[in-house]
Amino acid sequence: MAMPINVTSTSNNMDTLSRNELVGFINDTLVLNYTKVEQMCTGAAYCQMLHMLWPERLPIKKVKFNAKLEHAYIDNWKVLQEAFKKLHIEKDVPIQRLVKGRFQDNFEFLQWFYKFFTINDSGDHDSYDAVAYRGGAGGAPPAARSPVKRAPVQKKAAPAPVSNVKRSGSNQNNAELKRLQAEVTDLNVAIEGLEKERDFYFSKLRDIEVICQEKEGDDVYTEFIAGIIEILYATEEGFGPAEDEVVEPDIEDDEQEEY
């Protein structure tokens, strides 16, 4: 296929599609079941659509279709960014904003990509099996559960009146249960926020580690790099990686450039 036609995002040349129309476009093209624009933050769908147009320029096996955390999203966006460079696609990719899953950032990028894809799409990909290329992974986000149909309940005689003592105890138990449920909800929200913050800073440290590894053989930076590595790998008593956690080297980092 020919080299891509670059598209500049302006209010005059961008088609005005609603969020639902854009999500429908992604679902129809890749046989997905996305429900909102924010789900594009993983970068996987963009990678596959670019692979659909230029399969030889984007290594689809590097795409993490089941990505659940920000550092995995970043890996996908780097794959896309590298393909953009190979194809000379002139588009800034604000990775750190996109992976946060905020609507506006992802909506604007999706608007641009829709325009880019439709202009460059020759329609010559009828035989492209999107589900097969991603190995059946990442086919759809969890769908909302449909309500369970229950058989009609036969009316029974009204129960005998409950004494005031029992009713009072029941009300107290319900109030305590609601308080505990609210506590659990607050804790879950706090944990989710901490996990996102942890993943964000972990990805930063990982990028620093990769840069240090690349410069280790350079005599000019030997002492400087050694100092940084010592800080990165330092541990304290009672604090360190879990014993059952195995960190595997990322062989793809050398192929990806900084963003």
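Structure first, text after, so check above.
What counts, and where the lines are drawn
- Throughout, residues of each chain are indexed from 1 in the direction in which the sequence is written.
- This being a predicted model, a pLDDT of at least 70 is required before a residue's local features are given, and a value of 80 or more before pairs of side-chain atoms are given or counted; all residues contribute to the totals for chains, interfaces and linings.
- As a rule here, side-chain values come from all non-hydrogen atoms in the structure, and water together with hydrogens is ignored.
- Helix and strand labels come from DSSP, where a helix needs a run of H or I of at least four residues and a strand needs a run of E of at least two; each type is numbered from the N terminus.
- Expected helix span is given by 1.5 Å per residue-to-residue step, counting one fewer step than there are residues.
- Relative accessibility under 20% of the residue-type maximum defines a buried residue, over 50% an exposed one, and the middle range a partly exposed one, all with a 1.4 Å probe and only protein chains included.
- The criterion used for residue contact is that any of the two residues' heavy atoms lie within 4.5 Å.
- The criterion is simple. A nonpolar core is a set of buried Ala, Val, Leu, Ile, Met, Phe, Trp, Tyr and Cys residues joined through side-chain atoms within 4.5 Å.
- Aromatic pairing here means that ring centres of Phe, Tyr or Trp (its six-membered ring) are within 6.5 Å. Orientation follows from the plane angle: under 30 degrees is stacked, over 60 is edge-to-face, and everything else is tilted.
- Whether a charge sits over a ring comes down to the Lys NZ or Arg CZ being within 6 Å of the ring centre and within 35 degrees of the ring normal.
- Counted as salt bridges are all cases of a side-chain nitrogen of Lys or Arg within 4 Å of a carboxyl oxygen of Asp or Glu.

Before going further, it helps to examine helix α1 (residues 19-30). Taking 1.5 Å of rise per residue, 12 residues should cover 16 Å, and α1 covers 17 Å from first to last C-alpha, within 8% of that figure. Among the residues of α1, Leu22, Val23, Phe25, Ile26, Asn27 and Leu30 are the ones counted as buried. A positive backbone phi angle near 55° is found at Val31, which sits one or two residues after α1.

Right, let's get into the side chain of Asn106. Its location among the elements puts Asn106 in helix α5 (residues 103-120). Judged by its relative accessible area of 0%, Asn106 falls in the buried class. Setting aside anything within four residues of it in sequence, one finds Asn106 in contact with Val37, Met40, Cys41, Tyr46, Leu98 and Gly101.

Further remarks concern the nonpolar core. Core analysis: the biggest nonpolar cluster contains 49 residues, and Ile26, Leu50, Leu58 and Trp77 have the highest contact counts within it. Put simply, the parts of the chain that give this core at least two residues each are α1, α2 (44-53), α3 (70-87), α4 (95-98) and α5. In terms of residue count, the dominant contributor to this core is α3 (nine residues). If we skip the residues at most four places from it in the chain, Leu58 touches Cys47, Leu50, His51, Val63, Val79, Leu80 and Ala83.

Right, let's talk about the packing of aromatic side chains for a bit. For any pair of aromatic rings, geometry is given as the distance between the ring centres together with the angle between the planes. Scanning the entire structure with this criterion turns up 15 aromatic pairs. When the centroid spacing of 5.5 Å and the interplanar angle of 50° are considered together, the rings of Phe109 and Trp112 count as tilted. Of this pair, Phe109 and Trp112 both sit in helix α5, three residues apart, roughly one helical turn. For Phe109, a relative accessible area of 3% gives the class buried. The exposure class assigned to Trp112 is buried, which follows from its relative accessible area of 1%. Between Arg19 and the ring centre of Phe103, over which it is positioned, the NZ or CZ distance is 4.1 Å.

Here α2 lies mainly inside the structure; 10 of its 10 residues are buried. Among all positions of α2, only Ala44, Ala45, Tyr46, Cys47, Gln48, Met49, Leu50, His51, Met52 and Leu53 are buried. Looking at the buried side of α2, the elements it contacts are α1, α3, α5 and α6 (130-133).

Moving on to the pattern of salt bridges. Under the counting rule described, the total for this entry stands at six salt bridges. Across the salt bridge formed by Lys100 and Glu70, the nearest N and O atoms sit 3.3 Å from each other. Highlighted residues: Lys100 in the loop between α4 and α5 and Glu70 in helix α3, separated in sequence by 30 residues. Between Asp105 and Arg97 there is a salt bridge, with its nearest N and O atoms 3.5 Å apart. A relative accessible area of 44% places Arg97 in the partly exposed class. Here the salt bridges do not stand alone but share partners, grouping Arg97, Arg102 and Asp105 into one network.

Mapped onto the secondary structure, Lys204 falls in helix α7 (residues 164-215). Lys204 sits in the partly exposed class, given a relative accessible area of 35%.

This brings us to the environment of Arg19. Note that Arg19 resides in helix α1. Sequence separation between Arg19 and Glu38 is 19 residues, and the spatial gap between their C-alpha atoms is 10.0 Å. Once residues lying within four places of it in the same chain are set aside, the contact partners of Arg19 are Val37, Phe103 and Phe107.

The next point concerns unusual backbone geometry. Positive phi, normally seen in glycine, also occurs at Val31, with a value near 55°. The residue Val31 is located in the loop between α1 and α2 in this model. For His88, which is not glycine, the phi torsion reads 60° and is therefore positive. Structurally, His88 can be placed in the loop between α3 and α4.

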